[in-house]
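Letter by letter, the chains look like this.
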Amino acid sequence: ACSTLLRIVNVNRKSNLSSAALISSSGTCLCHAQIIAELLGTFIIIFMGCGSVVIDRRFWLTSVGIAMTWGLAIMVMIYTFGHVSGGHFNPAVTIAFAASRKFPRGQVPAFVASQLVGSTLAVGTLTVIFHQRVDIRCTTTQYVSPTTHLGALASEFISSFILMLTICGVATDSRAV
């Protein structure tokens, strides 16, 4: 459970400015800007990426165009919000960083919640925009009959592992810079 308290704290001690922030049970400062950055970044990435899949149904964007859209959306959001929140934008990234002690565990629930809200709002927005024009189910993970639930879970696990291997190798290793 997320045991955070809303307090007014002195976030920027040099300029003596006060700002509303969340204080986690571990005592680390979790500014509203970080939560908003994760929510907006996740929203934009999912909106652009899933939107490209929806548009592909009608305008043949192709898999290269879809991949470029996802990649560019992630890159731009990391450049835009990375300095604010770390640019996780994915619960798997946040949880993996916390598990490897590169991110405070007390901040995980708030980050994951903001990412889930951002992604839900993005798909909801796409549903409203493309209502009855395009089948929105193409934005969800689907698998066909010979694939079992275990096979689909294994596929998601392997994909997430590759994602985290790449992120940890690039983002957290000082030799990668």
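As annotated in an unreviewed UniProt entry, the chain carries the name Aquaporin and comes from Escallonia herrerae. Under Subcellular location (unreviewed entry), UniProt gives the following word-for-word description of the chain: "Membrane". Quoted verbatim from the Sequence similarities (unreviewed entry) heading of the UniProt record, the comment on the chain is "Belongs to the MIP/aquaporin (TC 1.A.8) family."

A. Fine view of the UniProt feature "transmembrane region" (unreviewed entry) in the chain. UniProt marks residues 20–47, 59–81, 110–130 and 150–172 with the feature "transmembrane region" (unreviewed entry), using the numbering shown here. Helix makes up 91% of residues 59–81 and strand 0%, with an end-to-end C-alpha separation of 31 Å. From the first C-alpha to the last, residues 110–130 spans 30 Å; its make-up is 95% helix and 0% strand.

B. Region of interest: a nonpolar patch on the surface. Where nonpolar side chains cluster on the molecular surface, the patch consists of V64, M68, L72, M75, V76 and Y79 and spans about 630 Å² of accessible area. Along the chain, Y79 turns up in helix α2 (residues 62–85). Take Y79: its relative accessible area is 67%, and that puts it in the exposed class.

Rules used in this analysis
- Residues numbered from 1 in each chain as written.
- Predicted model: local features only at pLDDT ≥ 70, side-chain atom pairs only at ≥ 80, totals over all residues.
- Heavy atoms only, no water.
- UniProt positions renumbered as here; feature names shortened; annotations may be inferred.
- Helix = DSSP H or I, 4+ residues; strand = E, 2+ residues; numbered from the N terminus.
- Patch = residues over 30% accessible without salt bridge, like charges linked within 9 Å, V, L, I, M, F, W, Y side chains within 5 Å.
- Areas by Shrake-Rupley, 256 points an atom, 1.4 Å probe, with all protein chains shown as cover.
- Salt bridge = Lys/Arg side-chain N within 4 Å of Asp/Glu carboxyl O.
- Buried < 20%, exposed > 50% of the residue type's maximum accessible area, 1.4 Å probe, protein only.

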